[in-house]
Every structure is written in C-alpha cells, then in structure tokens.
Amino acid sequence: MHTNSTLKNILGSFFNAANFNGLGATIFSIGMGSLIGASIFMSAIILGSINKFISLQSMGDTKASQSNNAKSPHILKRAIMDPTLTAKVFMLATAYNCADALYDAYLSQDVERTQSLLMALGWWLGCVGDNALRRLDSVNFSARTSSIKTSIDFWGIITAIISNPVIFYNSTVMCFAGSMLLAPNISSLEFITGIITISIVTASLVYAGYRGVMVAKQGHDIDSINDGVTNLIGALVTVGFGALGAASGNYWVMVSQFMFGSSCIKALFETRSALKK
C-alpha cells in the first residue's frame, strides 16, 4: 500500500501543470535561441518535482512538516521546500532571456533591433507573469486564513487583475508573435495566422480583465482569479501561436505551444480536483 502511494506521488510530482509549463518554456527557449535559458527552465522542472514529491509524501502531517521546516537550520532544505521555488527559478530563466534579447537588440539595427526589443519585452512580461504565479503559489500553499482578500475600490480591482499570470503570459505571446511577423518575406499564411493569434490573445486579455473585476467586486480571494474559461482561452492562444510557429518553420515553437496548451488543460483538471477536496 505504501509502495502504491509512493508511486502515485512520484507520478504526481512529474506529471503536473507546472512541469508541462516548464517543459514548454524549455523548448520555447531553445526555439528562440537561448540554450542557457532553456537549461535554467529545465532545472526548475527538476527542483519543482523534488519539491512536489516531498510535499506529497508529508501531506499526512502537514502542520508538523511546515513547523519543522520553518525551524530547520538548513538553508538548502528550506529552499527546496519553498512552494514558490519553481516560479522563482522560472523568473531567473526569463530574466536571463530578457537580458540576452536586450543585448541582441544592442548589437542589431533597424527591423532586427525592433524584433529583439519585442522579444525582450516578451521575456520581461513572462518574468512578471512568473512573479504573479509565485504570489499565487504563496497564497495557495498557505493557510486559508492568510488568503489575500480583494476589495472593490480601484486599487483592489487593479490588484486582482494583475494578480493573474495569464495576462502576462498571453501578453508575452503577443510580443513574440509581433516579432515573428516582422521577419522579412513572411508568407500570407504566417501573416494571417499571426493576426488570428494576436486576436485570440486580445480576447484572453479582455476576459482576464473582466474576471479580475468580478473577483474584486464579489470580494473573493485572489487565488480564485483563474477559472475554466481562462484556461480554455489560454489553450486557444497556444493553438494559434503553435500554428504560427509551424507556418514559419520554427517547430520548436510549435511543440512548446503544445506543452503550454497541455499545461492549461491539466491546470483545469487540477483546479477542479482541488475544489472537490
């Protein structure tokens, strides 16, 4: 029985939305020409899986585990057990890729410089999105009494909206799609696919903003910012951008979007499972 439980925890540690997202980011980083960024993303998957496995194994005595971890003098152990670890390493990877793209922009001219600047902006938005994810992770893995409540004033609504990582992740797609559309001699198929992708992203941003306003007005917790519609639109965004990658011949981008789409769908089921509990 214990062996079955351990095997289930191992599978749960690796096959989850966060790892699908990390694998997609790794592949996408390769497609954008950043192997160092890809290696950092891969390290996030490994560290996050270890973190998840330890958490699942100790769920039977959660309070005691958290107390012992808080008192532990071992810095490395505390870092490994940090539930926001994956998001933090994601931030490191996207920050590196942003700096790398800025350096490319410095060395480039004209259209190529604009492309690199759009890529840098895309990676920066990804970093901001990872930070929003880190904040959500911090809320989700803390006691319910410490959940962050929203308010219906202007800043409460803004806080609710920008707490949604999807807004930044899909804005990232818009930047990269725009960069790809600036490439010389693009085909009609690439142009049409790019415009459709940007349109889907725009729809996703409008809905995410609407969802943020609703969460704030209803006084819900920040951790309820994402819903099934958000994840489904996010999956459509990846389909559009993946098609753009295929049309432009960048199959790394195409495969990465398949992984991001899988992450969106997996997150939907994980959310439903959490709500049932």
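Residues numbered from 1 in each chain as written. Predicted model: local features only at pLDDT ≥ 70, side-chain atom pairs only at ≥ 80, totals over all residues. Heavy atoms only, no water.

S.K.: So what's going on with a nonpolar patch on the surface? Which residues, and what values?
M.R.: A cluster of nonpolar side chains, contributed by Leu7, Ile10, Leu11, Phe14 and Phe15, occupies part of the molecular surface with about 490 Å² of accessible area. If you trace the backbone, isoleucine 10 turns up in helix α1 (residues 2-14). Isoleucine 10 sits in the partly exposed class, given a relative accessible area of 35%. (Patch = residues over 30% accessible without salt bridge, like charges linked within 9 Å, V, L, I, M, F, W, Y side chains within 5 Å. Areas by Shrake-Rupley, 256 points an atom, 1.4 Å probe, with all protein chains shown as cover. Salt bridge = Lys/Arg side-chain N within 4 Å of Asp/Glu carboxyl O. Helix = DSSP H or I, 4+ residues; strand = E, 2+ residues; numbered from the N terminus. Buried < 20%, exposed > 50% of the residue type's maximum accessible area, 1.4 Å probe, protein only.)

S.K.: Any chance you could break down the packing of helix α10 (residues 188-217) against helix α11 (residues 228-248) for me, citing the residues and the numbers?
M.R.: To characterise two packed helices, one gives the angle between the axes of the helices and the distance between these axes. Where α10 meets α11, the closest approach of the two axes is 9 Å, and the angle between their N-to-C directions is 165°. Here α10 is positioned roughly antiparallel relative to α11, judged by the angle of their axes. Two packed elements cross with a definite hand, and for α10 against α11 that hand is left-handed. When α10 is examined against α11, the residues Leu189, Glu190, Thr193, Gly194, Thr197, Ile200, Val201, Ser204 and Tyr207 are found in contact with a partner set consisting of Val229, Thr230, Ile233, Leu236, Val237, Gly240, Phe241, Ala243, Leu244, Ala247 and Ser248. The residue makeup of the contact of α10 with α11, split by class, is 12 nonpolar, seven polar and one charged. (Axes fitted to C-alpha atoms, helices over the stretch in contact; angles between N-to-C directions. Parallel < 35°, antiparallel > 145°, perpendicular 65-115°, else oblique. Left-handed = near helix turned anticlockwise from the far one by under 90°. Contact = heavy atoms within 4.5 Å. Nonpolar A, V, L, I, M, F, W, Y, C, P; charged D, E, K, R; others polar.)

S.K.: Could you give me a rundown of the packing of aromatic side chains, with the residues and numbers involved?
M.R.: Applying the stated criterion to the full structure yields seven aromatic pairs. Here phenylalanine 28 and phenylalanine 241 contribute two aromatic rings whose centre-to-centre distance is 6.0 Å and whose plane-to-plane angle is 55°, an arrangement assigned as tilted. Within this pair, whereas phenylalanine 28 is found in helix α2 (residues 17-31), its partner phenylalanine 241 is found in helix α11, the two being separated by 213 residues in sequence. Each of the two residues, phenylalanine 28 as well as phenylalanine 241, counts as buried. (Phe/Tyr/Trp six-rings, centres within 6.5 Å; stacked < 30°, edge-to-face > 60°.)

S.K.: Run through unusual backbone geometry, naming residues and quoting values.
M.R.: Excluding glycine, residues mostly carry a negative phi; peptide bonds, for their part, are mostly trans. Not every positive phi belongs to a glycine, and aspartate 110 is a case in point at roughly 55°. For aspartate 110, the location among the structural elements is in helix α7 (residues 110-140). The class of aspartate 110 is exposed, set by a relative accessible area of 63%. Its identity is not glycine, yet asparagine 185 carries a phi of approximately 60°, on the positive side. Of note, asparagine 185 is situated in the loop between α9 (165-181) and α10.

S.K.: Tell me what's going on with α11, and back it up with residues and numbers.
M.R.: With 21 residues, α11 ought to run about 30 Å at 1.5 Å a step, and its terminal C-alpha atoms sit 30 Å apart, in line with that. Thr230, Asn231, Ile233, Gly234, Ala235, Val237, Thr238, Gly240, Phe241, Gly242, Leu244 and Gly245 are the residues of α11 that are buried. The positive-phi residue at the C-terminal boundary of α11 is glycine 249, with phi of around 85°. (Expected span 1.5 Å × (residues − 1).)

S.K.: Residue-level account of the side chain of asparagine 170, with values.
M.R.: Relative to the elements of secondary structure, asparagine 170 occurs in helix α9. By relative accessible area, which is 6% here, asparagine 170 ends up buried. Look past the residues within four positions of asparagine 170 in its chain and what remains in contact with it is Val201, Ser204, Leu205, Gly234 and Val237.

S.K.: Can you lay out the nonpolar core for me, pointing to particular residues and giving the numbers?
M.R.: Core analysis: the largest hydrophobic core is formed by 25 residues, its most contacted members being Phe28, Met32, Phe41, Trp123, Phe176 and Phe241. Secondary structure elements with two or more residues in this core: α2, α3 (35-57), α6 (85-107), α7, α9, α11 and α12 (251-276). Sorting elements by how many residues they give to this core places α6 first, with six residues. Excluding residues within four positions of it along the chain, phenylalanine 176 makes contact with Phe28, Met32, Met119, Gly122, Trp123 and Phe241. Formed by eight residues, the second largest nonpolar core is a distinct cluster that contains Ile157, Ile161, Ile167 and Ile225. (Core = buried A, V, L, I, M, F, W, Y, C linked by side-chain atoms within 4.5 Å.)

S.K.: Which residues make up the confidence of the model for the chain, and what values go with them?
M.R.: Put simply, the chain has an average pLDDT of 80, and 75% of its residues get 70 or more. Ranking the elements of the chain by mean pLDDT puts helix α4 (residues 62-71) last with 48 and α6 first with 92. A low-confidence stretch, residues 141-147 stays under pLDDT 50, and its non-local contacts, those more than four residues away or across chains, total seven contacts. (pLDDT = per-residue confidence, 0-100.)

S.K.: Give me the lowdown on the side chain of glutamine 115, citing residues and values where you can.
M.R.: As for its placement among the helices and strands, glutamine 115 is situated in helix α7. Setting aside its immediate chain neighbours within four residues, glutamine 115 contacts Ser179, Leu182 and Ala183.

S.K.: Can you lay out α6 for me, pointing to particular residues and giving the numbers?
M.R.: Compared with the 33 Å implied by 1.5 Å per residue over 23 residues, the 34 Å span of α6 between its first and last C-alpha is a close match. Within the sequence span of α6, burial applies to Leu85, Thr86, Ala87, Val89, Phe90, Met91, Ala93, Thr94, Asn97, Cys98, Ala101 and Ala105.

S.K.: Give a detailed account of the environment of tyrosine 96, specifying residues and quantitative values.
M.R.: In this fold, tyrosine 96 is placed in helix α6. When the C-alpha positions of tyrosine 96 and cysteine 127 are compared, they lie 9.6 Å apart, and in sequence the two are 31 residues distant.

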